[in-house]
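So the chains spell out like this:
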Amino acid sequence: MSSLNVNDILGKLNELRAVFVLGQRALPFIEEVFAFLSEVAPLMEEINASMMDSALLVPHATSQLQSISEATKTASAEILDLIDDVMVQSAQYEGELDRALHDVKRIEALGVDTLRILREAIPDRSDVLALVEQNVENGALHVHNLESSIHARRTVIGEIREQMNQIAMSLQVQDCTAQQIASVTHLLDNMRTRMAELLERLDKQSTPTDYTPDYDVPENASFNPDARYENADEKQQAADALIAAMQKGTHDETDAGVDRIFKNAALAMELRRPNDGDDE
Amino acid sequence: MKFLVVDDSPTMRRIISNSLRDIGYTELQEAEDGLQAIETLNVMPIDFVITDWNMPNMNGLALTKAIRSKSDLEDLPILMITTRGMQEDVIAAMHAKVNNYIVKPFAPGVLREKIDTILKTA
């Protein structure tokens, strides 16, 4: 054996020793990795199970939201039906009041007419004429009171009709909330689809169809996620200003130009709004 | 004057139709979306269209463009009533050639005012 070969062997042994030393130093780290993996495995299973539960809950939540939307739609229809009934009944009542007013005025006219006939027939019976005249005047007073009462009732009916109209207009809230619910439903359904796909990748036994909801999600649903039931005066005024500018051809359609129109409208609304302090 | 009220919400269709009746317009037709509205326009004369923006199948903007593309309907008054109140929405609607624009929730007075304005300038 040559000295060169011995040196080679010694070199290889040194390398081997270095590997062992590295292994010895790396051993705690590898142990830590094993410990970490043994801890992570159940955690991953827990996450998987939790995702599965959530994926199963999403269709339920979506279904509940849809039933809320349907319930508000039905309730709104019922309220509108009742408003229609009240409107019809109030119109009938107004008609009856009109007829009553007409009859009362006819009775008053008959009294006046009777007095005129008596004055012509018995001009010398001033005592009787005075009595009848007194009765006609009393009757006229009653008729006047009755007229006032009928007009007061008509005013009340008018107020009721106005309030009914306001209630009907307030039901626009149903459209706004339905659009908000449709927006959330759409979001939840997207989440459900993605979670089902992820679960399928994590757990080959499950399929996306396991998490398919038992309701129809309209594919072509159209909604405004920003729909709000709030005072739209400011937005309306800004829209009006923009439309007026566009129709005149004086609009500046750059972002800055349009922003200016909307800000001016907001400022105008602010100036028109009564000062809270003034009311006190 | 015959009105066509286009909205996918039955509540909104009733509210708008009732408001129109209160104003004095009694000839009313209703459609649930743009496609139904086009079908109605194909079979009967309509003098005024009131449409929502967000609807399935065909939205109000597409309906307006479809109406304006027909030579016999290009002057038909169209009023859009929508929850969309952003500036870009108003611009898009005006570019599609609606005659006027109402932001929901609206008051009955606003509806009357817009109809009168459109009819005066028509």
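So, how was this worked out
- Residues numbered from 1 in each chain as written.
- Chains lettered and ligands numbered in written order.
- Predicted model: local features only at pLDDT ≥ 70, side-chain atom pairs only at ≥ 80, totals over all residues.
- Helix = DSSP H or I, 4+ residues; strand = E, 2+ residues; numbered from the N terminus.
- Rg over C-alpha atoms; globule rule 2.2 N^0.38 Å.
- Buried ≥ 20, exposed ≤ 12 C-beta atoms within 10 Å, placed from the backbone.
- Contact = placed C-beta atoms within 7 Å.
- Axes fitted to C-alpha atoms, helices over the stretch in contact; angles between N-to-C directions.
- Parallel < 35°, antiparallel > 145°, perpendicular 65-115°, else oblique.
- Left-handed = near helix turned anticlockwise from the far one by under 90°.
- Pairing = 2+ DSSP bridges.
- Nonpolar A, V, L, I, M, F, W, Y, C, P; charged D, E, K, R; others polar.
- pLDDT = per-residue confidence, 0-100.
- Right-handed = clockwise from strand over helix to strand, strands pointing away.

**Quick word on the overall build of chain B**
At step 1: On a plain count of helices and strands, chain B comes out with 5 helices and 5 strands.
At step 2: Its helices and strands taken in sequence order, chain B reads β-α-β-α-β-α-β-α-β-α from the N to the C terminus.
At step 3: In terms of overall size, chain B behaves like a compact globule, its C-alpha atoms giving a radius of gyration of 13 Å where 122 residues would be expected to give roughly 14 Å.
At step 4: Projected onto the principal axes, the alpha-carbon positions of chain B cover approximately 35 × 30 × 30 Å.
At step 5: The buried share of chain B, taken over its 122 residues, is 51%.
At step 6: Long-range contacts, defined as pairs at least 24 residues apart, comprise 57% of the intrachain contacts of chain B with a sequence gap of at least 6.

**Some thoughts on the overall build of chain A**
At step 1: If you tally the helices and strands in chain A, you get 6 helices and 0 strands.
At step 2: Tracing chain A from N to C terminus, the helices and strands come up as α-α-α-α-α-α.

**Considering the packing of helix α4 (residues 233-248) of chain A against helix α4 (residues 87-95) of chain B**
At step 1: As a packed pair, α4 of chain A and α4 of chain B sit with axes 10 Å apart at the nearest point and diverge in direction by 40 degrees. Considered as vectors, α4 of chain A and α4 of chain B are oriented oblique to each other. Handedness of the α4 of chain A/α4 of chain B crossing: right-handed. Taken together, the residues of α4 of chain B that come into contact with α4 of chain A (itself represented by Ala239, Leu242, Ile243 and Met246 of chain A) are Gln87, Val90 and Met94 of chain B.

**Thoughts on the pairing of strand β3 (residues 48-51) of chain B**
All names here are of chain B.
At step 1: Of the two faces of β3, the one holding Phe48 and Ile50 and the one holding Val49 and Thr51 are both buried throughout.
At step 2: Judged from the 3 bridges that link them, β3 and strand β4 (residues 78-82) form a sheet pairing that is parallel. Bridged to isoleucine 50 within β4 is leucine 79.

**Quick word on the interface of chain B and chain A**
At step 1: Contacts between the two partners involve 30 residues from chain B, matched on the other side by 32 residues from chain A.
At step 2: Of all the elements, helix α1 (residues 10-23) of chain B adds the most residues to the side of chain B that touches chain A, at 7 residues.
At step 3: The residue inventory of the side of chain B that touches chain A, partitioned by class, reads 16 nonpolar, 10 polar and 4 charged.

**Considerations on the confidence of the model for chain A**
Residue and element names in this part refer to chain A.
At step 1: Looking at chain A, pLDDT values average 83 and 81% of them are 70 or higher.
At step 2: Between the elements of chain A, mean pLDDT differs from a low of 40, seen in helix α6 (residues 276-279), to a high of 93, seen in helix α2 (residues 126-170).
At step 3: Across residues 274-280, where pLDDT falls below 50, the model places 1 contact with residues more than four positions away in sequence or in other chains.

**Things to note about the pairing of strand β5 (residues 100-103) of chain B**
All names here are of chain B.
At step 1: The two faces of β5 match: Asn100 and Ile102 on one face and Tyr101 and Val103 on the other face are all buried.
At step 2: Judged from the 4 bridges that link them, β4 and β5 form a sheet pairing that is parallel. Residue pairing across strands places threonine 82 opposite valine 103, the latter belonging to β5.
At step 3: A crossover connection joins β4 to the parallel β5 through α4; in handedness this β-α-β unit is right-handed.

**Considerations on the packing of helix α2 (residues 34-43) of chain B against helix α3 (residues 60-68) of chain B**
All names here are of chain B.
At step 1: The interhelical angle for the contact between α2 and α3, taken along N-to-C directions, is 25 degrees, at an axis separation of 9 Å. Here α2 lies roughly parallel to α3, going by the angle between them. Relative to α3, α2 is oriented so that their crossing is right-handed. Side by side, α2 and α3 meet where Gly34, Ala37 and Ile38 of the first sit next to Gly60, Ala62, Leu63 and Ala66 of the second.
At step 2: Broken down by class, the residue content of the contact of α2 with α3 amounts to 5 nonpolar, 2 polar and no charged.

**Some thoughts on the environment of aspartate 124 of chain A**
Residues and elements named next belong to chain A.
At step 1: Examined against the element boundaries, aspartate 124 turns out to sit in the loop between α1 (3-121) and α2.
At step 2: Judged by the 7 C-beta atoms lying within 10 Å of it, aspartate 124 falls in the exposed class.
At step 3: Placed 36 residues apart in sequence, aspartate 124 and valine 88 show a C-alpha to C-alpha distance of 55 Å.

**Let's talk about unusual backbone geometry**
Residue and element names in this part refer to chain B.
At step 1: With an omega dihedral of -5 degrees, the bond running from lysine 104 to proline 105 counts as a cis peptide bond.
At step 2: Relative to the assigned elements, proline 105 resides in the loop between β5 and α5 (108-121).
At step 3: In the Ramachandran plot, asparagine 57 falls in the positive-phi region, its phi being about 70 degrees despite a non-glycine side chain.
At step 4: Along the chain, the position of asparagine 57 falls in the loop between β3 and α3.
At step 5: For asparagine 57, a count of 14 C-beta atoms within 10 Å gives the class partly exposed.
At step 6: Within the chain, lysine 97 stands out as a residue other than glycine whose phi angle is a positive 75 degrees.
At step 7: Among the secondary structure elements, lysine 97 is positioned in the loop between α4 and β5.

**A closer look at the confidence of the model for chain B**
At step 1: Across chain B, pLDDT averages 95, with 100% of residues at or above 70.
At step 2: This prediction of the complex comes with two scores: 0.75 for pTM and 0.87 for ipTM.

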